Amino acid sequence: VTVRGMPAGVIRAAMALLITLGIAGGLVVWTQEPDLPPAAPVAATRALVQAVPGQPRVINEYAIGGWLLLFAPTARPAIDGRAEVYPVKYVGDYISALRMSGDWRAVVRPLHANVALLHPDTPLVNGLRDELGWHVVYHDDTWLVLVPPSPPSA
């Protein structure tokens, strides 16, 4: 069989080469790490998973709930960007708790959280640390990982 005067063997070899290059190119793209924003909590997430192996129940910033679902798949963030999953009242109460306004303890208590991943300037850090006895197990310029004084009951 020939196509425009090319023998079938040459066509098969060319097709094999194209397929091989396509697979190799796809693997290169697939294995490259994505460009992450400078404030991405890479090290903090690693510290969170090390601090609480298993299924961390995380008090987290709203904006990184999706990050946790992707990069710490066993973690259970208290909130993430999937608006349809959470009642409007819960989202409002949770955001208020992060600001330590309203009855923030009534929001935090039923979460049975065993770790928190928050910005150092998030007001709830003060409540967890100073009023509930949580302590910092990781910190950098952008993130804190805190754990309670003893694991809460589930």
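Heads up: the structure comes first, above all this text.
Small disclaimer: the values here were computed from a predicted structure and weren't measured.

Colleague: I tried to follow the side chain of Asn60 on my own but got confused; where do I start?
Modeller: Inspection of the secondary structure assignment puts Asn60 in strand β3 (residues 57–60). Engagement of the side chain of Asn60 in a polar contact is seen with the backbone nitrogen of Ala78, the distance being 2.9 Å. From its side chain, Asn60 meets the backbone oxygen of Ile79 in a polar contact 2.9 Å long. Aside from chain neighbours lying at most four places away, what touches Asn60 is Gly65, Leu68, Pro77, Ala78, Ile79, Tyr94, Leu98, Leu117 and Leu118.

Colleague: Can you help me understand the sheet that holds strand β7 (residues 144–147) in this one?
Modeller: Either a parallel or an antiparallel arrangement is found when strands of a sheet pair, and the pairing is made through backbone hydrogen bonds. Pairing in this open sheet of 5 strands is mixed, and the strands run β4-β3-β5-β7-β6 from one edge to the other. Whereas interior strands pair on both sides, the edge strands pair on one side only; in this sheet they are β4 (76–77) and β6 (135–139). Pairing geometry for β3 and β4, over 2 bridges, is parallel. Bridging from a neighbouring strand, Val58 pairs with Pro77 of β4.

Colleague: Explain the pairing of β3 here, please?
Modeller: Two faces belong to every sheet, and in a regular strand the side chains alternate between them. Side-chain alternation along β3 places Arg57 and Ile59 on one buried face and Val58 and Asn60 on a second face that is also buried. After leaving β3, the chain enters helix α3 (residues 65–71) and then returns to the sheet as β4, a path that is right-handed. Here β3 runs beside strand β5 (residues 115–118); their pairing, made up of 3 bridges, is parallel. Among the inter-strand pairings, Ile59 is bridged to a residue of β5, identified as Ala116.

The rules behind each value
Residues numbered from 1 in each chain as written. Predicted model: local features only at pLDDT ≥ 70, side-chain atom pairs only at ≥ 80, totals over all residues. Heavy atoms only, no water. Helix = DSSP H or I, 4+ residues; strand = E, 2+ residues; numbered from the N terminus. Polar contact = N/O pair within 3.5 Å; in protein donor to acceptor, adjacent residues only side chain to side chain. Contact = heavy atoms within 4.5 Å. Pairing = 2+ DSSP bridges. Buried < 20%, exposed > 50% of the residue type's maximum accessible area, 1.4 Å probe, protein only. Right-handed = clockwise from strand over helix to strand, strands pointing away.

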